[in-house]
Amino acid sequence: MIIRVKFGKEGALRFIGHLDVLRTFQKIFRRAGIPMAYSQGFSPHPLMSFALPLGLGLSSEGEYLDAEIEETDPAQLLPRLRAATSADLPVYAVRILPDGTGNAMASVGRASYRLEIRPEWADMLRRGAERLLARESIPIEKETKTRTVEMDLRPCLYEMKILPAPAKSEGGEKPALYLEIAAGSKANVKPELVWTELLRAAGGPEDLKPCAVRRLDLMREDGTSLGTAGTEAQ
Amino acid sequence: MRKLALSEEILNTVEKPARYVGGELNAVMKDRDRVDLRFAFCFPDVYDIGMGNLGLQILYDMFNRRPDVWCERVYSPWPDLDRIMREKKIPLFALESQDPVKDFDFLGITLQYEMCYTNVLQVLDLSGIPLSAAERTEADPIVIGGGPCTYNPEPIAEFFDLFYIGEGEVVYDSLFDLYIRMKKEGASRRDFLRAAAGIEGIYVPSLYEPSYHEDGTLADFKPLVPEAPASVRRVLVKELSGAAYPENPIVPFVRPVQDRVTLEIMRGCIRGCRFCQAGMVYRPVRERKLEHLMEIADRALKNSGYDEISLSSLSSSDYSKIAPLVTGLMERCSQDHINISLPSLRIDSFSLDVMSKVQDVKKSSLTFAPEAGTQRLRNVINKGLTEEDIMRGAAMAFHGGWTKVKFYFMIGLPTETEEDRQGIPALCQRAATLFFDEIPKEERRGKIQITASSAFFVPKPFTPFQWAKMEKREEYLERAHRVKDGFRRQVNARSLHYEYHDADVTVLEGVFARGDRKVSRVIRRAYELGCLFDAWTERYDDNKWQQAFRECGVDPDFYTLRERPADELFPWDFIDIGVTKTFLRREWDRAMEGVVTPNCREQCNGCGVGRYRCGICPTAEKEEQS
């Protein structure tokens with residue numbers, strides 16, 4: 001059976017690269033007593049893949065991994081994974097995917113982020129967001145590992161808005177910039193890149209950095225969450 | 001949520017920030033206000049190296065079983081973070097709570113190799129603890145050292161309040177009970193140290209005073225108070241199967257050097273190689289029972305989720321039930337895609353059969369450790385392995401499909417001659433010849449590759465070779481070059497590869513291994529000059545060390561180039577490891593005559609450790625055999 005696990009990265013886990021997180025999940029599955037399915041061939045490896053790597057230092061409440069496992073009582077999956085993981089790597093949900101569901105990686109089209117900002121930046125950033133969204137195209141240069149490519153940022157921007165600071169009782173004091181931007185194999189932009197363009201459009205100081213960046217969710221191109229695929233394991 | 005000691009900005013700047021954030025699976029969290037004693041356990045090297053250390057895992061598990069103790073971990077910050085911490089005055093912290101080490105009751109430092117000594121000073125310094133024990137106050141943690149290097153703690157004695165001599169399972173409970181009681185009574189640091197000196201296995205350096213002869217050798221080593229015994233006796237576990245074992249090993253997120261469950265199957269070694277300190281100081285051989293091992297292996301695998309398990313001991317083939325153990329583990333592991341790694345197995349038909357099942361023959365290599373190039377010298381060092389054993393093992397391996405073979409040697413052993421050194425390439429050539437003779441051309445599944453590597457011999461305390469002299473750096477290199485030339489002259493030179501260790505580090509290790517208290521100022525000076533992570537070849541700076549020796553007026557040759565007289569008092573003689581100096585000297589004499597001594601299973605040689613009445617010794621109180 002193929003399952004999709006929704007998890008988060010907090011605290012210490014923000015500094016763990018995605019290959020190490022993958023290895024950690026293999027250990028968590030073993031600790032949970034959930035038998036993984038293995039690839040065929042000379043050095044079999046567990047069949048497990050992530051939707052989209054998360055940059056180092058970012059926290060998240062919307063990560064996904066797909067895993068093929070041997071038949072296991074579905075009601076046991078979530079409680080066992082929760083018991084086997086650590087506080088900084090919370091497991092939120094497990095869904096059972098029907099055969100033929102595209103893997104998580106291929107499904108990703110958008111990602112949403114919350115960038116914490118200082119209250120005094122809010123007006124400037126709101127102005128920048130309005131200006132960017134009003135433009136028909138935003139030609140930019142994007143650095144890849146090997147070269148610099150020219151691309152249009154505008155179709156990659158689905159939503160940009162300022163969120164007010166949450167109530168003190170909920171632990172938040174800072175307002176935030178909400179971003180919903182293209183992600184995945186077709187077009188992929190990082191929140192840092194959008195932030196830079198936003199500052200440029202707003203005429204803000206170049207060296208400003210968001211106080212914290214958190215990924216909220218991953219979505220298909222049509223905007224539906226990856227967490228809605230299949231059925232809840234119960 | 002745990003608060004991290006380092007800011008986002010710093011964590012995003014340094015290499016591998018995962019080293020500093022803790023939070024791993026099975027890391028123990030407690031309420032700091034509900035424990036009586038906080039212990040910071042430090043491995044003075046970088047996280048990736050220190051993480052998998054079995055001794056640390058055993059004691060971490062054991063300490064944390066006590067509800068009144070919270071043991072956390074500390075590692076050396078890598079130079080990038082070290083710089084930032086000094087600049088921004090960030091105190092060194094423990095991984096679990098992220099609290100400053102300075103706030104702990106104890107800082108325990110495990111001393112696994114001599115080249116970590118400057119890192120010990122780094123850890124003290126970054127913690128804000130005075131380097132010298134004499135300068136510490138009631139506000140500082142008690143600094144305690146343990147591990148293999150404590151069998152001669154004198155070069156670093158100045159930096160420690162206490163040393164634990166022996167196996168950690170035995171008297172830590174008494175030490176903690178004493179500390180907690182005296183802390184509640186409001187006793188001073190000084191009073192606690194005096195009382196601790198009365199616990200067997202605990203050495204308090206400040207309560208002893210050495211005096212020296214004019215030639216620099218030790219004249220006397222005297223306790224200053226009645227609580228301090230003239231001889232500090234090593235403590236050891238008599239029955240390993242009853243001892244605590246980490247069934248919940250900490251599982252790091254980043255891949256450490258040891259990414260697996262380690263199963264310690266026994267302690268001690270029956271062999272008695274005369275150069276080997278571990279073979280003497282861990283006597284007698286004590287095995288864990290088979291059923292006990294199967295149980296802890298099963299639990300540790302389940303609780304950690306590791307996909308590999310490794311057997312650990314000085315010589316696994318000498319474990320009396322090795323065949324059923326390995327077969328049992330293979331059955332347990334095969335269903336779950338768990339690998340077994342079998343280091344230190346002697347090459348014979350059983351081990352080859354097992355290895356062909358658990359690893360890829362084409363990729364893996366087989367290892368022989370003849371240590372010396374001729375039978376004469378192998379007799380001197382009491383290495384039981386004969387050339388016949390090697391060739392028989394190699395032939396079986398070649399027929400089994402192996403084509404990669406590694407040989408380990410030492411250069412600079414006592415009585416070594418040019419003939420012994422040239423025996424090294426000659427032995428490797430004979431192994432290559434054997435391959436071409438044994439395996440017909442059409443059956444060869446790959447090119448034969450023989451890799452020989454040699455280390456320079458460093459005499460260690462509590463070995464029969466503790467009296468031996470070392471050589472100068474230039475002499476070591478000259479000898480290694482001649483061995484290398486010898487390899488070039490062999491018929492199958494292209495199949496043979498030879499490498500040798502660094503000579504500078506060898507000489508320094510030699511000074512530390514048999515050094516006295518005068519060496520501590522050199523270590524301190526070298527640290528001030530910037531020496532750190534000396535175990536890392538690319539970080540080792542010999543010029544700075546030479547400068548430190550010069551500035552401190554300490555002559556390294558005094559420690560390395562002298563052959564010591566039979567009656568010299570050694571700086572480590574106040575430690576009683578159980579094996580007597582008389583036995584060691586008798587072994588030295590037999591070495592000089594080239595006479596081998598039978599192993600402990602063949603015959604008791606009266607080394608002295610029989611008075612512990614345990615393990616393989618004939619004096620052991622026998623109980624029903626498992």
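Computed from a predicted model, the values in this text were never measured in an experiment.

Calculation criteria
Residues numbered from 1 in each chain as written. Chains lettered and ligands numbered in written order. Predicted model: local features only at pLDDT ≥ 70, side-chain atom pairs only at ≥ 80, totals over all residues. Heavy atoms only, no water. Domains from an automatic or database assignment. Contact = heavy atoms within 4.5 Å. Buried area = accessible area lost by both parts, 1.4 Å probe. Salt bridge = Lys/Arg side-chain N within 4 Å of Asp/Glu carboxyl O. Polar contact = N/O pair within 3.5 Å; in protein donor to acceptor, adjacent residues only side chain to side chain. Helix = DSSP H or I, 4+ residues; strand = E, 2+ residues; numbered from the N terminus. Nonpolar A, V, L, I, M, F, W, Y, C, P; charged D, E, K, R; others polar. Buried < 20%, exposed > 50% of the residue type's maximum accessible area, 1.4 Å probe, protein only. Expected span 1.5 Å × (residues − 1). Patch = residues over 30% accessible without salt bridge, like charges linked within 9 Å, V, L, I, M, F, W, Y side chains within 5 Å. Areas by Shrake-Rupley, 256 points an atom, 1.4 Å probe, with all protein chains shown as cover. Lys, Arg positive; Asp, Glu negative; His and termini not counted. Charge placed at Lys NZ, Arg CZ, Asp CG, Glu CD. Pairing = 2+ DSSP bridges. Axes fitted to C-alpha atoms, helices over the stretch in contact; angles between N-to-C directions. pLDDT = per-residue confidence, 0-100. Disulfide = S-S within 2.5 Å.

**Considering the domain arrangement of chain B**
Residue and element names in this part refer to chain B. Domain assignment breaks chain B into domain 1 (8-233) and domain 2 (238-345 + 608-626). On a C-alpha basis, the centres of domain 1 and domain 2 stand 26 Å from each other. Contacts between the two partners involve 25 residues from domain 1, matched on the other side by 26 residues from domain 2. Carbon and sulfur atoms supply 60% of the area that domain 1 and domain 2 bury against each other, a total of about 2,300 Å² over both sides. The tally of links from domain 1 across to domain 2 stands at three salt bridges. Between Arg-267 and Glu-169 there is a salt bridge, with the nearest N and O atoms lying 2.6 Å from each other. Remark: the boundary between domain 1 and domain 2 carries eight residue pairs in polar contact (both at pLDDT 80 or more). Those elements that place two or more of their residues in the side of domain 1 that touches domain 2 are α2 (47-50) and α3 (54-65). Residue contributions to the side of domain 1 that touches domain 2 peak at seven residues, all from α3. Looking at the side of domain 1 that touches domain 2 residue by residue, the class counts come to 12 nonpolar, five polar and eight charged.

**Let's talk about the side chain of Glu63(A)**
All names here are of chain A. Within the secondary structure, Glu-63 is located in strand β3 (residues 59-68). Judged by its relative accessible area of 5%, Glu-63 falls in the buried class. At 2.7 Å, the side chain of Glu-63 and the side chain of Ser-60 are in polar contact. When sequence neighbours within four positions are dropped, the list of residues in contact with Glu-63 reads Val-5, Lys-6, Phe-7, Leu-52, Leu-54 and Arg-215.

**Section: helix α1 (residues 18-32) of chain A**
What sets the pattern is the α-helix's 3.6 residues per turn: residues three or four places apart point alike. Between its first and last C-alpha, α1(A) extends 20 Å over 15 residues, near the 21 Å set by a 1.5 Å rise per residue. Here α1(A) lies mainly inside the structure; 11 of its 15 residues are buried. Among all positions in α1(A), only Asp20(A), Val21(A), Leu22(A), Thr24(A), Phe25(A), Gln26(A), Lys27(A), Ile28(A), Phe29(A), Arg30(A) and Ala32(A) are buried. Where α1(A) is buried, its residues contact β1 (2-9), β2 (48-50), β3, α2 (74-84) and β4 (91-97) of chain A together with α9 (290-304) of chain B. Positioned one or two residues after α1(A), Gly33(A) has a phi angle of 70 degrees, which is positive.

**Brief notes about the domain arrangement of chain A**
All names here are of chain A. Domains assigned within chain A are domain 1 (2-106 + 224-232) and domain 2 (108-219). Distance from the C-alpha centre of domain 1 to the C-alpha centre of domain 2: 27 Å. Where domain 1 abuts domain 2, roughly 1,300 Å² becomes buried across the two surfaces, and 47% of that area is made up of carbon and sulfur atoms. Considering only the side of domain 1, the residues that lose the most area to domain 2 are Leu-52, Leu-58 and Glu-61, jointly responsible for 39% of the buried surface there. Along the contact surface separating domain 1 from domain 2 lie three salt bridges. Its salt-bridge partner being Glu-61, residue Arg-214 comes within 2.7 Å of it at the nearest N-O pair. At the boundary of domain 1 and domain 2, one finds 14 residue pairs in polar contact (both at pLDDT 80 or more). The set of elements that each furnish at least two residues to the side of domain 1 that touches domain 2 consists of β3 and α3 (104-107). If one sorts the elements of the side of domain 1 that touches domain 2 by residue count, β3 sits on top with six residues. For the side of domain 1 that touches domain 2, a count of residues per class yields 10 nonpolar, five polar and four charged.

**A word on the interface of chain B and chain A**
In this complex, chain B contributes 29 residues to the contact, which on the side of chain A involves 23 residues. At the boundary of chain B with chain A, total buried surface from both sides reaches about 2,100 Å², with 59% on carbon and sulfur atoms. By the criterion of area lost to chain A, the three top residues of chain B are Leu25(B), Phe253(B) and His337(B), representing 29% of everything that side buries. The interface formed by chain B and chain A holds two salt bridges in total. Across the pair Arg14(A) and Glu8(B) runs a salt bridge, and its minimum N-O distance is 2.7 Å. Counting the contacts that link chain B with chain A gives six residue pairs in polar contact (both at pLDDT 80 or more). Among the elements of the structure, α1 (8-13) and α9 of chain B are those that each provide at least two residues to the side of chain B that touches chain A. Classifying every residue of the side of chain B that touches chain A by side-chain character gives 13 nonpolar, eight polar and eight charged.

**Thoughts on the pattern of salt bridges**
All names here are of chain B. Within this structure, the stated rule accounts for 78 salt bridges over all chains. A salt bridge links Arg-421 to Glu-416; the nearest nitrogen and oxygen atoms lie 2.6 Å apart. Judged by its relative accessible area of 6%, Arg-421 falls in the buried class. A salt bridge links Arg-482 to Glu-478; its shortest N-O distance comes to 3.1 Å. Here Arg-482 pairs with Glu-478, and both are found in helix α15 (residues 473-488), just four residues apart, close to one helical turn.

**Let's talk about a negative patch on the surface**
Residues Glu68(A), Glu70(A), Glu71(A) and Asp99(A) make up a contiguous surface patch of negative charge. Structurally, the position occupied by Asp99(A) is in the loop between β4 and α3.

**Details of the sheet that holds strand β13 (residues 308-312) of chain B**
All names here are of chain B. Spatially, the three strands line up as an open sheet ordered β10-β13-β14, and their pairing is parallel. Strand pairing shows two members of the sheet lacking a second neighbour, β10 (261-264) and β14 (339-341), which therefore form its edges. Averaged over all neighbouring strand pairs, the angle between strand axes comes to 25 degrees, with direction disregarded. Pairing between β10 and β13: four bridges, direction parallel. Its bridge partner lying in β13, Leu-263 is registered against Leu-311. Strands in contact with α9 are β10 and β13; relative to β10, the strand with the most contacts, it is inclined by about 165 degrees. Sheet strands touched by helix α10 (residues 322-334): β10, β13 and β14. Its angle to β13, the strand with the most contacts, is close to 170 degrees.

**Some remarks on the confidence of the model for chain B**
Per-chain confidence: chain B averages 94 in pLDDT, with 99% of residues scoring 70 or above. Taken together, the chains of this predicted complex give a pTM of 0.93 and an interface ipTM of 0.87.

**What to know about the state of the cysteines**
Here a disulfide denotes a covalent bond joining the sulfur atom of one cysteine to the sulfur atom of another. If you walk through the whole model with that rule in mind, you get zero disulfides over all chains. The closest cysteine sulfur to the non-disulfide-bonded Cys604(B) is located on Cys617(B), 6.4 Å from its own sulfur.

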